Amino acid sequence: MAFIVGENCIKCKHTSCVEVCPVNCFYEGPNFLVINPDECIDCAECVPACPIGAIYSEDDLPEDQEQFLDLNAELADIWPQITEVKKALPDADEWDGVEDKLKYLER
Amino acid sequence: MSILKKYQPTEKAQAFLDKVENAKYDRGIITGLKKYIDKKVPEDMQGFYSEEELQVLIDLKNTDHDIEARMPVKITNHYFQIAKNSKAIQTLVKASPKETFDLDGAPDPGNQMSYSPIEGLIHKYELGLIYVINTCSAHCRFCYREELIAKKEILREDGTIASKGLAKIPELVDYIQEHNRIVEENGGKHPETNREKLREILMSGGDAMVLANKNLAGWFSALADAGIESIRLGTKELAFYPDRFDRTFFNMTDDFHAAYPEVQLRVMVHFNHPDEFLQKDSNGDYIENPEGGLVWIESTKRAVKELADRKYITIENQAPFIKGINENPDEIRIMQRELKRNRINNHYFFCGRDIIGHKAFNLTIEDAWKLLNDSQKGLSGVEASARLSITHYLGKTEVVAVTNEPMPGVPGTENGVVIFKLLRGAADANNKGQVAIVGRNPEAIWFSGYEDRVIFDEAGLFKESMKTTSRVS
């Protein structure tokens, strides 16, 4: 099992999860973060660290976000690792909770 | 935006940290029972829990006896490969309804919160234990830190209730430096606790070796710069995932040693049973190595050799005796012999603690003593260095001896006595070496079992009742 970054991270990217991850398994794209499922050791520290509740355990992943399971694995292979917190994206607050954000995902 | 205070590494530390490389590890972790229930585990794991076993566990879900709420279920692929051919290891790692039959036990075993001056640090003895992570690659069912791993809320010294948090570098460094300053200003002893300088920190959790190399390196250099001379690394990863001890890890420790040559690494490993590191033939027997000793699992052997070959690293094994896992003296004898041959010192064996559900796991104190004593019959002195320890709230205590003969003229000793000795006072270093003698109770699994038969108690182990183990003093 692993933890999965879900849709609400898109266009927000607060990165507070990165700093609490003990195994540095977050990877960064232009407007989204992902967890490498092979490296995640299921400690659950990142879940409360995310200010907008975008991270789920595999068992709790909402059904309409199931595609994020593969998406996390796929993008973690391509994107660079991120180990330090940076500023959230400029319009993060406005994008928090907006539905159907997947179409804005930049690779 | 981070609310955490940032720690600024020294120039020397930064030069070391810049060289550290993280690697990827495919531990093949399976967490939770749901994957077994939904048949989403790899094919060779499908039968690890039988349908009947799963049904019993499902029926307990969301009740007071919920097995996963007591302790999350987790295994690596490496450990599964061992477990599938070992009854003992299955008992160690598979969830069982026995765990919650009796929920007696302490929410904060060892009363750790009374020894926690800052979040994530337990300052006991002359040692600081820090929680650097709240999980391991796999989970032992008998875990002594189930409250941390399962993120249970516990009562704290200030009356608030919260789960135990992890240590943070800046706060810990401040604490160490402040403690050591006070000690130095007072002639080498802390005026209130008699403790000496903090020279040693045990990185624990959870398993320190699940941290990425960069995180480990951050801790190592910060601790070294704070004046720590020995860093202990508490880990069961040699059993769960020995490939974690890879080239990138040793490059990091070698670079650390080059930068901080006077800082020792003491790797505290955790083998409960020889099945965790020895190969077995098709009959389930260990295999003789014609060159001497027994044949090890290759990846474990390599990892141990790499560790032992480094002169700044020492390796110590410590493990509890647990019902159904390691109660055969012949197996414990083989384990002690093989570990020492491979340059792992036999440090402690532990009696069970009073964790929630401990009655499912604990051997009686007298059986545990007999087990270690029997296992050491036929071992040489250097192989038989392990002592049997039981953690009293006052400090680490040795179960020194159990006698079969009465002490002439002393009432209460008709069936023999048990002798305890305080190895290290948790709060006050002065207590070391003090003894308590009690009449035997073959049923006792905790100090409370001897409260009614105390003969001599210089150590004060029985001054306060240990029956209500849930108190926070």
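To keep things clear, this report deals only with the structure shown in the data block. (Residues numbered from 1 in each chain as written. Chains lettered and ligands numbered in written order. Predicted model: local features only at pLDDT ≥ 70, side-chain atom pairs only at ≥ 80, totals over all residues. Heavy atoms only, no water.)

Helix and strand counts for chain B come out as 14 helices and 16 strands. In terms of overall dimensions, chain B has C-alpha extents of about 70 × 65 × 55 Å along its principal axes. Counting the 473 residues in chain B, one finds 57% classified as buried. Here the analysis covers contacts within chain B between residues at least 6 apart in sequence; of these, 72% occur between residues at least 24 apart. Total accessible area on chain B is roughly 19700 Å²; 50% of this is exposed by carbon and sulfur atoms. Put simply, chain B has 62 plus and 71 minus side-chain charges, and the middle of one group is 2 Å from the middle of the other. (Helix = DSSP H or I, 4+ residues; strand = E, 2+ residues; numbered from the N terminus. Buried < 20%, exposed > 50% of the residue type's maximum accessible area, 1.4 Å probe, protein only. Contact = heavy atoms within 4.5 Å. Areas by Shrake-Rupley, 256 points an atom, 1.4 Å probe, with all protein chains shown as cover. Lys, Arg positive; Asp, Glu negative; His and termini not counted. Charge placed at Lys NZ, Arg CZ, Asp CG, Glu CD.)

So, on to empty space enclosed by the protein. Residue and element names in this part refer to chain B. One pass over the structure, following the stated rule, counts 6 cavities of 30 Å³ or more. Considering only enclosed or pocket space, the largest cavity measures out at about 840 Å³ in volume. Those elements that provide at least two residues to the lining of the largest cavity are β3 (121–124), β4 (127–131), β7 (200–204), β8 (230–235), β9 (264–269), β10 (313–320), β11 (345–350) and β12 (387–392). Tallied by class, the residues present in the lining of the largest cavity amount to 21 nonpolar, 12 polar and 8 charged. (1 Å grid on protein atoms, 1.4 Å probe; cavity = no way out; pocket = protein on both sides within 12 Å on 5 of 7 lines; lining within 4 Å. Points joined across faces, edges and corners; volume = space filled by probe spheres on them. Nonpolar A, V, L, I, M, F, W, Y, C, P; charged D, E, K, R; others polar.)

The next subject is helix α14 (residues 365–375) of chain B. Residues and elements named next belong to chain B. The element α14 is largely enclosed, with a buried count of 8 among its 11 residues. Within α14, the full set of buried residues consists of Ile365, Glu366, Ala368, Trp369, Leu371, Leu372, Asp374 and Ser375. Elements that come into contact with the buried residues of α14 comprise α13 (329–341), β11, β12, β13 (395–402) and β14 (417–425).

Residues and elements named next belong to chain B. Between helix α9 (residues 213–225) and helix α11 (residues 247–259), whose axes approach to 10 Å, the crossing angle comes to 15°. It follows that α9 is roughly parallel to α11 by the angle criterion. Of the two possible hands of crossing, α9 and α11 adopt the one that is right-handed. The residues of α11 that touch α9, namely those facing Asn213, Leu216, Ala217, Phe220, Ser221 and Ala224, are Thr248, Phe249, Met252, Thr253 and Phe256. (Axes fitted to C-alpha atoms, helices over the stretch in contact; angles between N-to-C directions. Parallel < 35°, antiparallel > 145°, perpendicular 65-115°, else oblique. Left-handed = near helix turned anticlockwise from the far one by under 90°.)

All names here are of chain B. Two strands pair when backbone bridges link them, and β10 and β11 are joined in this way by 5 bridges, in the parallel orientation. Directly across from glutamate 316, in β11, lies its bridge partner asparagine 345. Chirality of the crossover, the property in question, places the unit of β11, α14 and β12 among those that are right-handed. (Pairing = 2+ DSSP bridges. Right-handed = clockwise from strand over helix to strand, strands pointing away.)

Moving on, we come to unusual backbone geometry. The phi torsion of most residues other than glycine is negative, and most of the peptide bonds are trans. Omega for the peptide link from glycine 205 of chain B to glycine 206 of chain B comes to 15°, which places this bond in the cis form. Note that glycine 206 of chain B resides in the loop between β7 and α9. Residues other than glycine seldom take positive phi values, yet threonine 15 of chain A does so here, at roughly 70°. You can see threonine 15 of chain A is positioned in the loop between β1 (3–5) and α1 (16–20). In this structure, asparagine 62 of chain B takes a positive phi of about 65° despite not being glycine. Relative to the helices and strands, asparagine 62 of chain B resides in the loop between α3 (51–60) and α4 (67–70).

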